[in-house]
Structures are given as structure tokens and as C-alpha cells.
Amino acid sequence: MRSSIGIVFGIAGLCALAGGSFAAEPTAAASAPAAKPDENPPMVPPAKPGVFAMTKKGANGLHLAVTAHQFTSRSDIEKYLAYRAADLTLQQHGSWFSFVEARSKDSAVPVPKKDPAGLRYSFRMEYWRPVWRYKLANDPAWKSWSPFTGTAFFADGKDPKTITSYEVSADIVIRKGQMDDADPLAFEAGAVSDLLINQVSPPA
């Protein structure tokens, strides 16, 4: 009789232990899974807030601007702006874009003309010419520079490394269909993106 009672209590104890382990399982299953790192991060990381801005201009036009503080080189910063122009064109299902030159009355550089007999490129980066504004150390006033005045960048002999703030801007028009490759201001978005994607990073 005592052995039978012992067996009954033994079975009850095992059931209690088993029940306790089963009750603990949902708690473990309910814990949040560990966050996984992004397996496909963008090749060009996003710019910090306030560095890059895009404003719509009409149906297909965009005004693009980079505003930052750490000057690296004119070429690096302008290439980043060109890359963003290409990337936005592709995002909006365009195939190419045209650069709208920001000329003023004192422009001395000739307006580029279509050249049907010229070499055929998907882009001609020498015609990507944004305009600049910048501030120098110990000088709070904004200064402007346009590539169409005929004067060299920092022609006054000052070191561009003394720039403490700058804004580089460009206007583009997004296009679809066959690109006008006789126009030096026409840029094929995919080709520009492929050229620059490994060369650029966001200014700071």
C-alpha cells in the first residue's frame, strides 16, 4: 500500500516539474528577437539632416543644394551633387536629366551649344557646373562664385580650406525617353550613377 502511495506521489511530482517547464516556454518564446544588421546597406550612405535639400520647380524641375561646413575639394562636393541628381532622376523614373545653367548678366563663359558632330558620351562632367556660396573664417559675410564669370575658384589667392560654411546648388530637369546626346548639358542618369557611386560620400 505504501509503495502504491509513493508511486502516485512520484508521478504527481514529475507532472508538476513538467508543467513548470512547459509554463516557462511561452515566456522565452515571447522575448523580442535580436535586431539584425542591414544586410544590404546603400553604397552611398544618406546625408545627415540639413546637408542635402531638394525643391520641386515646375512639373519636372528640381533645385538641389548641398549645405555643409567641412570643405574637402570643389570636385568632391560637386560630384556628390551630380550623384544625387542622377539618383533622384532614377527614383522618379526618368532616364536622363538636363542641367540648367545659373547664368547672370556678367557671365563671360560661352553658352555650350549642341554639337551633332561631337563625341558621343552619356555625360560630359566638365559641363556640370553648380554655383557656390561660402563663408570664410573670421568673416561672417556670404561670398558667391559662379563658374560662368570666367574667374577661377578662389582666384584671390585665399585658401579654400578656410571655408567654414558653404552651399552648392544646381537646377536640373528630369527627362524620359531617348537622351539628346548632342547636348553637352544632357546627362544619362544611370551612367552618371555608375561612374560616381564608388567615388562619393556625403559632405559634413
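Rules and cut-offs
Sequence order as written defines the numbering, with residues in each chain counted from 1. Reporting in this predicted model follows two pLDDT cut-offs: at least 70 for local features of residues, and 80 or more for side-chain atom pairs to be given and counted; totals over whole chains, interfaces and linings ignore these cut-offs and use all residues. Hydrogens are left out, water is left out, and the side-chain values use all remaining heavy atoms of the structure. Helix numbers and strand numbers start at the N terminus; a helix is a DSSP run of H or I with at least 4 residues, a strand a run of E with at least 2. Relative accessible area decides the class of each residue, using a 1.4 Å probe on protein chains only: under 20% of the type maximum gives buried, over 50% gives exposed, and in between gives partly exposed. Method for areas: the Shrake-Rupley scheme with a 1.4 Å probe, in which residue coverage is limited to the protein chains shown. Only the stretch in contact is used when a helix axis is fitted, and all axes are lines through C-alpha atoms; the angle between N-to-C directions ranges over 0 to 180 degrees. Comment on the angle field: the value is read as roughly parallel under 35 degrees, roughly antiparallel over 145, roughly perpendicular from 65 to 115, and oblique elsewhere. Each helix crossing is assigned a hand: it is left-handed if the near helix lies turned anticlockwise from the far helix by less than a right angle, otherwise right-handed if that turn is clockwise. Residues are treated as being in contact if the distance between any of their heavy atoms lies within 4.5 Å. Classes in brief: Ala, Val, Leu, Ile, Met, Phe, Trp, Tyr, Cys and Pro nonpolar; Asp, Glu, Lys and Arg charged; the others, Gly included, polar. In this scheme Phe, Tyr and Trp rings, the latter by its six-membered ring, pair at centre separations within 6.5 Å, and the angle between planes marks the pair as stacked below 30 degrees, edge-to-face above 60, and tilted otherwise. We count a charge as sitting over a ring when the NZ of a lysine or the CZ of an arginine lies within 6 Å of the ring centre and within 35 degrees of the ring normal. Nitrogen and oxygen atoms within 3.5 Å of one another constitute a polar contact, given that in protein one can donate a hydrogen and the other can accept it, and given that sequence-neighbouring residues count only through two side-chain atoms.

Participant: Kindly report on the overall build of the protein, identifying the contributing residues and their values.
Facilitator: Across its full length, the protein carries three helices and seven strands. Order of helices (α) and strands (β) in the protein, N terminus to C terminus: α-β-β-α-β-β-β-β-β-α. By residue count, 33% of the 204 residues in the protein fall in the buried class. Carbon and sulfur atoms make up 59% of the accessible area of the protein, which amounts to about 12600 Å² in all.

Participant: I'd like a rundown of the packing of helix α2 (residues 74-91) against helix α3 (residues 189-196), residues and numbers included.
Facilitator: At a minimum axis separation of 8 Å, α2 and α3 run at an interaxial angle of 135°. If you check the angle between α2 and α3, you find them oblique. Handedness of the α2/α3 crossing: left-handed. Contacts between α2 and α3 pair Lys79, Ala82, Tyr83, Ala86, Thr89 and Leu90 from the former with Ala189, Gly190, Val192, Ser193 and Leu196 from the latter. Grouping the amino acids of the contact of α2 with α3 by side-chain chemistry returns seven nonpolar, three polar and one charged.

Participant: Tell me what's going on with the packing of aromatic side chains, and back it up with residues and numbers.
Facilitator: Per the stated rule, a full pass over the model turns up 12 aromatic pairs. Between Phe97 and Phe187, the ring centres sit 5.4 Å apart and the planes meet at 10°, which makes this aromatic pair stacked. Pair noted here: Phe97 is in strand β3 (residues 96-100) and Phe187 is in strand β7 (residues 186-188), with a separation of 90 residues, a long-range link. Like Phe187, Phe97 is buried. Between Phe153 and Phe154 the ring centres are 5.1 Å apart and the planes differ by 65°, which places this aromatic pair in the edge-to-face class. For the residue pair Phe153 and Phe154, the accessibility class agrees, reading buried in each case. In textbook terms, an aromatic cluster arises when at least three aromatic residues are bridged by ring pairs, as seen for Phe71, Trp132, Tyr134, Trp145, Phe153, Phe154 and Tyr166. Cation over ring: Arg84 sits above Phe52, and NZ or CZ is 4.0 Å from the ring centre.

Participant: Account for the side chain of Ser165, naming residues and giving values.
Facilitator: Within the secondary structure, Ser165 is located in strand β6 (residues 163-175). One polar contact links Ser165 to His69, side chain to side chain, over a distance of 3.0 Å. Once residues within four sequence positions are removed from consideration, Ser165 is found in contact with Ala68, His69, Arg133, Tyr134, Lys135 and Trp142.

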